[in-house]
Amino acid sequence: MLPTTILIDERPRCVVRPNDAKDLNRFIRNGKLYLLAEKPDGKVTHRNASDAEMMHWQNALALHRAWGGDDENFFGVPLY
């Protein structure tokens, strides 16, 4: 899958690259405490990452690679 932006009440929270829809749904389900930390009653949605969000994700991936990490072990990055 392409990098996907997770939104809380339509506000970007993080950009992740799940392997498939099942992986994305598992992250949303298991990550609710993290995702909703500032808005416990918020609504979680997702969409394709915008160009700016994609750039943020690519920069974080480049940093991950710089220390020797591989693509398979990099999932995502918070946006705030």
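Reading the values: the criteria
- Residues numbered from 1 in each chain as written.
- Predicted model: local features only at pLDDT ≥ 70, side-chain atom pairs only at ≥ 80, totals over all residues.
- Heavy atoms only, no water.
- Pairing = 2+ DSSP bridges.
- Helix = DSSP H or I, 4+ residues; strand = E, 2+ residues; numbered from the N terminus.
- Axes fitted to C-alpha atoms, helices over the stretch in contact; angles between N-to-C directions.
- Contact = heavy atoms within 4.5 Å.
- Polar contact = N/O pair within 3.5 Å; in protein donor to acceptor, adjacent residues only side chain to side chain.
- Salt bridge = Lys/Arg side-chain N within 4 Å of Asp/Glu carboxyl O.
- Buried < 20%, exposed > 50% of the residue type's maximum accessible area, 1.4 Å probe, protein only.
- Core = buried A, V, L, I, M, F, W, Y, C linked by side-chain atoms within 4.5 Å.
- Arc of directions from axis to C-beta.

(A) Fine view of the sheet that holds strand 4 (residues 76–78). Pairing within the open sheet is antiparallel, and its four strands lie in the order 3-1-2-4. Each edge of the open sheet is held by one strand with a lone partner, namely strand 3 (44–48) and strand 4. Going across the sheet, the axis of each strand differs from the next one's by a mean of 30°, ignoring polarity. Bridging between strand 1 (residues 4–8) and strand 3 involves five bridges; their strand directions are antiparallel. If you follow Leu7 over to strand 3, its bridge partner there is Thr45. Running over the sheet, helix 1 (residues 21–30) touches strand 1, strand 2 (11–16) and strand 3 and is turned about 30° from strand 1. The strands touched by helix 3 (residues 51–66) within the sheet are strand 1, strand 2, strand 3 and strand 4, with strand 4 carrying the most contacts at an inclination of about 115°.

(B) Representation of the side chain of His64 in the model. Mapping His64 onto the fold places it in helix 3. Engagement of the side chain of His64 in a polar contact is seen with the backbone oxygen of Asp70, the distance being 3.0 Å. Residues contacting His64, with those up to four places away along its chain left out, are Gly69, Asp70, Asn73 and Phe74.

(C) View of the pattern of salt bridges. Taken as a whole, this structure holds four salt bridges when the rule is applied. When the shortest N-O distance is used, the salt bridge between Arg47 and Glu53 registers 2.8 Å. Judged by relative accessible area, which is 32%, Arg47 ranks as partly exposed.

(D) Quick peek at the nonpolar core. Ranked by size, the top nonpolar core spans 10 residues in total: Ile6, Ile8, Cys14, Val16, Leu24, Phe27, Ile28, Leu35, Leu36 and Val44. Of all the secondary structure elements, the ones that give two or more residues to this core are strand 1, strand 2 and helix 1. If you tally residues by element for this core, the top one is helix 1, at three residues. In this view, Val16 contacts Leu2, Pro3, Thr4, Ile6, Leu24, Phe27, Trp57, Phe75 and Gly76; residues no more than four positions away in its chain are not counted. Ranked by size, the runner-up nonpolar core spans seven residues in total, among them Ala49, Trp57, Leu61 and Val77.

(E) Quick peek at helix 1. Among all positions in helix 1, only Asp23, Leu24, Phe27 and Ile28 are buried. Seen end-on, helix 1 carries its buried residues on one side only, within an arc spanning 135°. Across from the buried face of helix 1, at angles greater than 90 degrees, the exposed residues are Lys22, Arg29 and Asn30. Against the buried residues of helix 1 lie strand 1, strand 2, helix 2 (32–35) and strand 3.

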